Amino acid sequence: MPIPTDLNQIPDWIAAQLVRAGVDRKSAMEWPVLVTGSDASGSSGRVVVLRRFDPQNHRAVIYTDRRSRKLKDLAERSQTELVFFDPKQMLQVRLRGDAVVHVDGARKDAAFDKLPARSQSDYSTKSAPGTRLLDPQPERELDLSRKHFALIEIDAFEYDILSLERDGHRRALIECSDQHYHASWVTP
Ligand SMILES: Cc1cc2nc3c(=O)[nH]c(=O)nc-3n(C[C@H](O)[C@H](O)[C@H](O)COP(=O)(O)O)c2cc1C
């Protein structure tokens, strides 16, 4: 469904798109690019899986390895951006938000326990992501998976939405604060 013509409907519309992306494996928006930055290393983007989207809090949930560069960046700068693209709708959504990382605690454990064993083992490498290797397959120790697993929650404070359309592209900016939304059209 294209961006509604009524600006007031856009916050609910975008939430519905992202809820779907978190549950429907056919949604192209399942794989956003997470952009982070730090003074030392500059900016960096990588594809991640959107695990869930909570429409009440406009909160996106991502899983990762606690030793990864993205978490080092987020420890320095918690402001981040998730960039989604749906080629069927020719729709780009840039969700800007503040990230909170859970490396311990009940939320992290509950998410880890729900993962299939095969996905849990993604976090079992003895060496940290990005470590140089002599062989492409790193050594693993399954017992380490829970320790390495981390959950990122990103609370949106702004959406920048661009819809490419034949009879005129449309771009909308949604500012979010305390469950209030201010939507405006902006030049594409
Ligand atoms: C389709 C796809 C999905 C991915 N999903 C995730 C993910 O959900 N979480 C994650 O940390 N990395 C995921 N990755 C790997 C990242 O793109 C990246 O290579 C890795 O996290 C290391 O990033 P960093 O060193 O910049 O932190 C995915 C890669 C692809 C190709």
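You'll find the structure just up there.
None of the values given here were measured: they were computed from a predicted structure.

Would you mind going over the nonpolar core in detail, with residue names and values included?
A general trend in soluble globular proteins is that nonpolar side chains are found buried together. Residues Leu82, Leu95, Ile154, Tyr159 and Ile161 are the most contacted members of the largest nonpolar core, which totals 33 residues. Of all the secondary structure elements, the ones that give two or more residues to this core are helix H1 (10-23), strand S4 (59-65), helix H2 (69-76), strand S5 (79-86), strand S6 (91-102), strand S7 (149-163) and strand S8 (170-177). Apart from the residues within four sequence positions on either side, isoleucine 154 is in contact with Leu34, His58, Arg59, Ala60, Ile62, Thr80, Leu82, Leu95, Gly97, Asp98 and Ala99. Of all hydrophobic cores here, the second largest spans 8 residues; its members include Val61, Tyr63, Ala111 and Leu115.

Tell me about the pairing of S6, and name the residues and values.
Relative to S6, S5 runs antiparallel, the two being bridged by 8 bridges. Its bridge partner being in S6, glutamine 79 is matched across the sheet by aspartate 98. The antiparallel hairpin formed by S5 and S6 contains 4 residues in its connecting segment, where methionine 90 sits at a positive phi of about 50°. Bridge count between S6 and S7: 12 bridges; the pairing is antiparallel. In the sheet register, glutamine 92 faces S7, and the bridge partner there is leucine 162.

I'd like a rundown of the packing of aromatic side chains, residues and numbers included.
Evaluation of the coordinates by the stated rule reveals 3 aromatic pairs. For the ring pair tyrosine 63 and phenylalanine 149, a centre distance of 5.0 Å and an interplane angle of 70° mean the geometry is edge-to-face. Taken together, the residues tyrosine 63 in strand S4 and phenylalanine 149 in strand S7 connect sequence positions 86 residues apart. Phenylalanine 149 matches tyrosine 63 in its accessibility class, with the two residues each being buried. For the pair tyrosine 123 and phenylalanine 149, a centre-to-centre distance of 5.1 Å together with 80° between the ring planes defines the contact as edge-to-face. Of this pair, tyrosine 123 sits in the loop between helix H4 (117-120) and helix H5 (145-148) while phenylalanine 149 sits in strand S7, and the two are 26 residues apart along the sequence. Judged by its relative accessible area of 0%, phenylalanine 149 falls in the buried class. Ring-pair connections join several aromatic residues into one group, and the members of that group are Tyr63, Phe112, Tyr123 and Phe149.

Cut-offs and rules
- Sequence order as written defines residue numbering, which begins from 1 separately in each chain.
- Where local features are concerned, this predicted model is filtered to residues with pLDDT of at least 70; where side-chain atom pairs are given and counted, the filter is 80 or more; whole-chain, interface and lining totals use all residues.
- To get the side-chain values, take all heavy atoms of the structure and skip hydrogens and water.
- Here, nonpolar core means buried Ala, Val, Leu, Ile, Met, Phe, Trp, Tyr and Cys residues that are tied together by side-chain atoms lying within 4.5 Å of each other.
- Think of it in three bands: residues with accessible area under 20% of the maximum for their type are buried, residues over 50% are exposed, and the middle band is partly exposed, with areas taken using a 1.4 Å probe on protein chains only.
- Going along the chain from the N terminus, every DSSP run of H or I of four or more residues is numbered as a helix, and every run of E of two or more is numbered as a strand.
- Pairs of residues are marked as contacts when any of their non-hydrogen atoms sit within 4.5 Å.
- Strands are treated as partners if at least two bridges between them are detected by DSSP.
- Classification of ring pairs rests on two measures: the distance between centres of Phe, Tyr or Trp rings, Trp counted by its six-membered ring, which must be within 6.5 Å, and the angle between planes, read as stacked under 30 degrees, edge-to-face over 60 and tilted in between.

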